[in-house]
Amino acid sequence: MWDRNQMAARAAEELEDGWYVNLGIGIPTLVANYVGDKDITLQSENGMLGMGPFPFEGEEDPDLINAGKQTITEMDRTAYFDSAQSFGMIRGGKIAAAILGAMEVDEKGDLANWMIPGKLVKGMGGAMDLVAGVGRVIVVMDHTNKHGDSKLLKECTLPLTGKGVVDRIITNLGVLDVVEGGLKIVECADGVSEDDLRAATEATII
Amino acid sequence: MKKIYPNAAAALDGLLHDGMFIAAGGFGLCGIPELLLSAIKDAGTKDLTFASNNAGVDDFGIGILLQTRQVKKMISSYVGENAEFMRQYLSGELELEFNPQGTLAERMRSGGCGIPGFYTKTGVGTVIADGKEHKDFPTGADGAMETYIMENGIFADLAIVKAWKADETGNLMFRKTARNFNPPAAMCGKTCVVEVEEIVPTGSLDPDSIHLPGIYVHRIIQGDHEKRIEQRTVREKA
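Calculation notes
Residues numbered from 1 in each chain as written. Chains lettered and ligands numbered in written order. Predicted model: local features only at pLDDT ≥ 70, side-chain atom pairs only at ≥ 80, totals over all residues. Heavy atoms only, no water. Helix = DSSP H or I, 4+ residues; strand = E, 2+ residues; numbered from the N terminus. Pairing = 2+ DSSP bridges. Axes fitted to C-alpha atoms, helices over the stretch in contact; angles between N-to-C directions. Contact = heavy atoms within 4.5 Å. 1 Å grid on protein atoms, 1.4 Å probe; cavity = no way out; pocket = protein on both sides within 12 Å on 5 of 7 lines; lining within 4 Å. Points joined across faces, edges and corners; volume = space filled by probe spheres on them. Nonpolar A, V, L, I, M, F, W, Y, C, P; charged D, E, K, R; others polar. Core = buried A, V, L, I, M, F, W, Y, C linked by side-chain atoms within 4.5 Å. Buried < 20%, exposed > 50% of the residue type's maximum accessible area, 1.4 Å probe, protein only. Buried area = accessible area lost by both parts, 1.4 Å probe. Salt bridge = Lys/Arg side-chain N within 4 Å of Asp/Glu carboxyl O. Polar contact = N/O pair within 3.5 Å; in protein donor to acceptor, adjacent residues only side chain to side chain. Phe/Tyr/Trp six-rings, centres within 6.5 Å; stacked < 30°, edge-to-face > 60°. Lys NZ or Arg CZ within 6 Å of the ring centre and 35° of its normal.

1. Digging into the environment of B:Asp47
Then step 1. Within the secondary structure, B:Asp47 sits in the loop between helix H2 (34-43) and strand E2 (48-51).
Then step 2. Taking the C-alpha atoms as reference points, B:Asp47 and B:Tyr78, separated by 31 residues in sequence, lie 21 Å from one another.

In structure tokens:
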């Protein structure tokens, strides 16, 4: 089994030199720690390319935040723009990949990560635009929920963020691709067998 | 025509009426028109519809207008930071229209550009697409058809935005990620009122560095801004 940092490290392997990438909140944020020598430019969808790390204490700037509303810093390469242009580059396919968390993914690549009816009503933010627009959608999440049920389903039960949008899923148990007819195992996490992975997955594995 | 006004109340004089539609700039608490929102609270204008990415927090930003029940409807992409908002929404006192963030930004931009509708892939196959016109375009690989939905441009009665600097003719510069929704919001208002940290003499801004030309700006005020930080995150010095 992989822990959070191992999942993030595995997700970082998905990124190619020169890519412009959007990272979601949670484990996806950790991916930035594992890109190594690759030249990756991070986008923050409120209106920034070239997102730097958190500031040192005392150097926080209220005019400089990321999409999670956290204080951040700029880099030599940083460019700022308004939110219409920011989502123009997302919708226009200029962002090579988005790595984001999910509540549910199904075997057709449908993704649910924004709403639990009657419980959680916060809004989708930029998630629907990202999954509809970027080149590659990579989901990083735990394989099962806190009750031990599979989060990789035959069909999502929660309201969708996007239909048929997910390309690859990285969980604590392994890596799976969305392909014609279901999910395909790409890799098993350390100490996890293919049988373990199948047993923990509701979705069809081909 | 003189665009500079002495304060927020004076700049909004004659522009406010109950039931009006206001587009507001800002993302979270970053780059929000805090002085103009405060003046709208003081004016007591009611039944407002706001197009704004977020709804502020309980005691700052649009949140202060929720406390006084001045807001009838929000058009937003994310409202998770506001307990009073949740309470009013779940009890049916407040209408809420969720827009994907990029759709909201483009609705403002296109409204300001005289474009009443546009097609987008965002939200196809989700509840956002319910009841909207669907149309296929040959934008896929090798001309494969892909489905889009139509979204409407926003035409607001009033835009309220925050910029960093303005010259006396209303040419604007923004600072870092405080730009966010401010230019598209400014563009989609019949009238646009801007609050800035500094009004500088016309001619002192580099014409090549203007982020939004003064043609979109009708009234300007200068004032002190609290600029509250929503989530202070720092790293340790090595």
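2. Some details on the sheet that holds strand E6 (residues 134-137) of chain B
All names here are of chain B.
Then step 1. Spatial strand order, E5-E7-E6: three strands in an open sheet with antiparallel pairing. Every other strand in the sheet has two partners, leaving strand E5 (117-120) and E6 as the edge strands with one partner each. On average, each strand axis in the sheet is tilted by 40 degrees relative to the strand beside it, whichever way the strands run.
Then step 2. Note that E6 and strand E7 (residues 146-152) share four bridges and pair antiparallel. Paired with Phe137 across the bridge in E7 is Glu146.
Then step 3. Against the sheet, helix H5 (residues 101-112) contacts E5 and E7, and its axis sits at roughly 150 degrees relative to E5.

3. Let's talk about empty space enclosed by the protein
Then step 1. This model, assessed by the stated rule, comprises four cavities of 30 Å³ or more.
Then step 2. Quantified by volume, the largest cavity comes out at close to 70 Å³.
Then step 3. Together, 13 residues line the largest cavity, and B:Gly28, B:Ile32, B:Ser52, B:Asn54 and B:Ile62 are the ones closest to its centre.
Then step 4. For the lining of the largest cavity, a count of residues per class yields six nonpolar, seven polar and no charged.
Then step 5. Volume-wise, the second largest cavity comes out at about 60 Å³.
Then step 6. As for the second largest cavity, its lining consists of A:Pro62, A:Asp63, B:Leu29, B:Cys30, B:Gly31, B:Ile32, B:Glu34, B:Lys162, B:His225, B:Lys227 and B:Arg228.

4. So, the nonpolar core
Then step 1. In terms of nonpolar packing, the biggest core is built from 58 residues, with A:Leu15, A:Leu111, A:Val139, A:Val166 and A:Ile169 touching the most fellow members.
Then step 2. Counting 38 residues, the second largest nonpolar core, distinct from the first, contains B:Phe50, B:Leu66, B:Phe98 and B:Ile128.

5. Some words on the interface of chain B and chain A
Then step 1. Contact with chain B, which involves 49 residues of that partner, is made by 45 residues of chain A.
Then step 2. With both sides pooled, the region where chain B packs onto chain A buries about 4100 Å², and carbon together with sulfur makes up 60% of that total.
Then step 3. Interface area lost by chain B to chain A is led by B:Lys176, B:Thr177 and B:Arg235, which between them contribute 17%.
Then step 4. Applying the counting criterion to the chain B and chain A interface returns five salt bridges.
Then step 5. When the shortest N-O distance is used, the salt bridge between A:Asp61 and B:Arg175 registers 2.7 Å.
Then step 6. Our count for the contact surface shared by chain B and chain A stands at 27 residue pairs in polar contact (both at pLDDT 80 or more).
Then step 7. Of all the secondary-structure elements, those providing two or more residues to the side of chain B that touches chain A are helix H4 (83-90), H5 and helix H6 (182-187) of chain B.
Then step 8. Broken down by element, the side of chain B that touches chain A gets its largest block of residues, six residues, from H5(B).
Then step 9. By residue class, the composition of the side of chain B that touches chain A is 18 nonpolar, 17 polar and 14 charged.

6. Points about the environment of B:Thr177
Then step 1. Position of B:Thr177 relative to the elements: it lies in the loop between strand E9 (172-173) and H6.
Then step 2. Sequence separation between B:Thr177 and B:Val124 is 53 residues; the distance between their C-alpha atoms is 29 Å.
Then step 3. Each residue touching B:Thr177, except ones within four places of it in the same chain, is listed here: A:Asn46, A:Gly47, A:Met48, A:Asp63, A:Leu64, A:Ile65, A:Tyr80 and B:Cys30.

7. Focus: the packing of aromatic side chains
Then step 1. Tallied over the full model, the rule gives three aromatic pairs over all chains.
Then step 2. An aromatic cluster of at least three residues, connected via ring pairs, comprises B:Tyr119, B:Phe137 and B:Tyr148.
Then step 3. Cation over ring: B:Arg235 sits above A:Phe56, and NZ or CZ is 4.0 Å from the ring centre.

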